[in-house]
Every structure is written in structure tokens, then in C-alpha cells.
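Remarks on the overall topology
Residues per chain, in single letters:
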Amino acid sequence: SSRFVDCLSKVLSLPPSLLSLPSKAALAVTGMDRAIPYGSKICAQREQDRRHQLHKARLQTARRVIDTAEPHVSQLQHVKTNLKREQLLEERYSEIDRENRILLQKMSSIMQNGSLETPRPVVKKSAGPVSLNRDARKKELLRITQENQNILKRIQQVFQFRPAF
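Predicted model, so just to flag it, every value in this text is computed and none were measured.

Our focus in this paragraph is the overall build of the chain. When its secondary structure is counted, the chain shows 6 helices and 0 strands. Along the chain direction, N to C, the helices and strands of the chain fall in the order α-α-α-α-α-α.

In C-alpha cells, the structure reads:
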């Protein structure tokens, strides 16, 4: 505000002591702090230009807060190449090659033999593991069968001696 008083005193050619400006507190109480009072348009324009130049200089020298540079880790080889993906692709390609070879063999056998039938590999069924209690189960089955035969004979004898009504 002292600059303003100096500028105003030069324009009006009055001593600075005669020019008094209201204080900020007085402006805040009255609600009149919306506009800055200037005595001369020339001084106001000069002050506005000076503030604009300072603002532009501050913008030029401002540094960024966020680092947008590429991280140095992305230059490392193990980050650039995805080895697991390459391994999975290699396995897939080898599986496709194997299936292509099988198809090629089948096609060549069809061309040589002239038939569409392809020999199927014989799959041998395994009997499974040998049971350790096979003999005991066999004896139990024979005993049950014998008991059933005895019961059947007794039932048949009862019906032979009964008179029909």
C-alpha cells in the first residue's frame, strides 16, 4: 500500500502524508475489500503488469510435484520379459507340434493303406490287485449256499406232509 501512496502522490502532486487509505480491518468491517482503490489508471495498470510479470516468472521456475519419468525398474530385463508366459507358450507350441505329428502319421497310413481305419492300440485291462482274503470269502459263500440248500429242503418236506385243504 505504501507503493500505491507513492504512486498516487506523484500523479496528484500531493505529499504522501495527506493521502490516507483505509486499513484492511476497516475494509473488512465495511465489506468494501472487493476492489483495490487506485488513484490513477496508469499506476493501477503498471502494478497489474508488474504482478503479471512476477506471476509468469514464478510459473517458469515452478517445479513439478509428481515425478512422471519412466521408472528405472522398467529397464531391467527380467521386468521386460515375462518368462512364465514364454514357458507356457513354448509348452503349448510343443503340444501342438506333437498333435500335428500324430495327425500326419495317421494321414500317411491312410494314404499308404487306402483305408480309413487306423489301428488302435490294444489296451490291456488289469485284473486289479490280488485280494488277500479271497479264500476266506469263498469258504463263507459256500457255507451260506449250503445253509440255503438245507433250509430249502426242510421247507419242501413240510409241504409234502401237509394235506391240501
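Before going further, it helps to spend a moment on the pattern of salt bridges. Side-chain pairs of opposite charge can arise where the charged atoms are in close proximity. All chains considered together, the criterion is met by 5 salt bridges. A salt bridge links E47 to R50; its shortest N-O distance comes to 2.7 Å. Of the two residues, E47 and R50 both sit in helix α3 (residues 41-61), 3 residues apart, roughly one turn of that helix. Judged by relative accessible area, E47 falls into the buried class, the value being 14%. Taken together, the shared-partner salt bridges in this structure form one network comprising E47, R50 and R51.

A few words on α3. With 21 residues, α3 ought to run about 30 Å at 1.5 Å a step, and its terminal C-alpha atoms sit 30 Å apart, in line with that. Residues of α3 that are buried include every one of C43, A44 and E47, and no others. Relative to the axis of α3, the buried residues are bounded by an arc of 100 degrees and lie together on one face. Pointing more than 90 degrees away from the buried face of α3 are the exposed residues K41, I42, R46, L59 and Q60. Capping the start of α3, S40 holds a side-chain oxygen 3.2 Å from the backbone nitrogen of I42, two or three residues further along.

Okay, helix α5 (residues 83-113) next. If you check α5, its first and last C-alpha atoms are 45 Å apart, about what 31 residues at 1.5 Å a residue would give, namely 45 Å. With its phi angle positive at about 80 degrees, G114 sits one or two positions after the end of α5.

Another point: the confidence of the model for the chain. Mean pLDDT for the chain: 79, with 65% of residues reaching 70 or above. Across the chain, element-level confidence peaks in α5 with a mean pLDDT of 92 and bottoms out in helix α2 (residues 24-30) with 48. For residues 25-30, every residue scores under 50 in pLDDT, and the model assigns this stretch 3 contacts once sequence neighbours within four places are set aside.

On to a nonpolar patch on the surface, then. A surface patch of nonpolar side chains, about 220 Å² in accessible area, is lined by V73, L76 and V79. If you trace the backbone, V73 turns up in the loop between α3 and α4 (77-80).

Glancing now at the side chain of S40. Checked against the element boundaries, S40 lands in the loop between α2 and α3. In terms of polar contacts, S40 uses its side chain to reach the backbone amide nitrogen of I42, at 3.2 Å.

What counts, and at which threshold
Residues numbered from 1 in each chain as written. Predicted model: local features only at pLDDT ≥ 70, side-chain atom pairs only at ≥ 80, totals over all residues. Heavy atoms only, no water. Helix = DSSP H or I, 4+ residues; strand = E, 2+ residues; numbered from the N terminus. Salt bridge = Lys/Arg side-chain N within 4 Å of Asp/Glu carboxyl O. Buried < 20%, exposed > 50% of the residue type's maximum accessible area, 1.4 Å probe, protein only. Expected span 1.5 Å × (residues − 1). Arc of directions from axis to C-beta. Polar contact = N/O pair within 3.5 Å; in protein donor to acceptor, adjacent residues only side chain to side chain. pLDDT = per-residue confidence, 0-100. Contact = heavy atoms within 4.5 Å. Patch = residues over 30% accessible without salt bridge, like charges linked within 9 Å, V, L, I, M, F, W, Y side chains within 5 Å. Areas by Shrake-Rupley, 256 points an atom, 1.4 Å probe, with all protein chains shown as cover.

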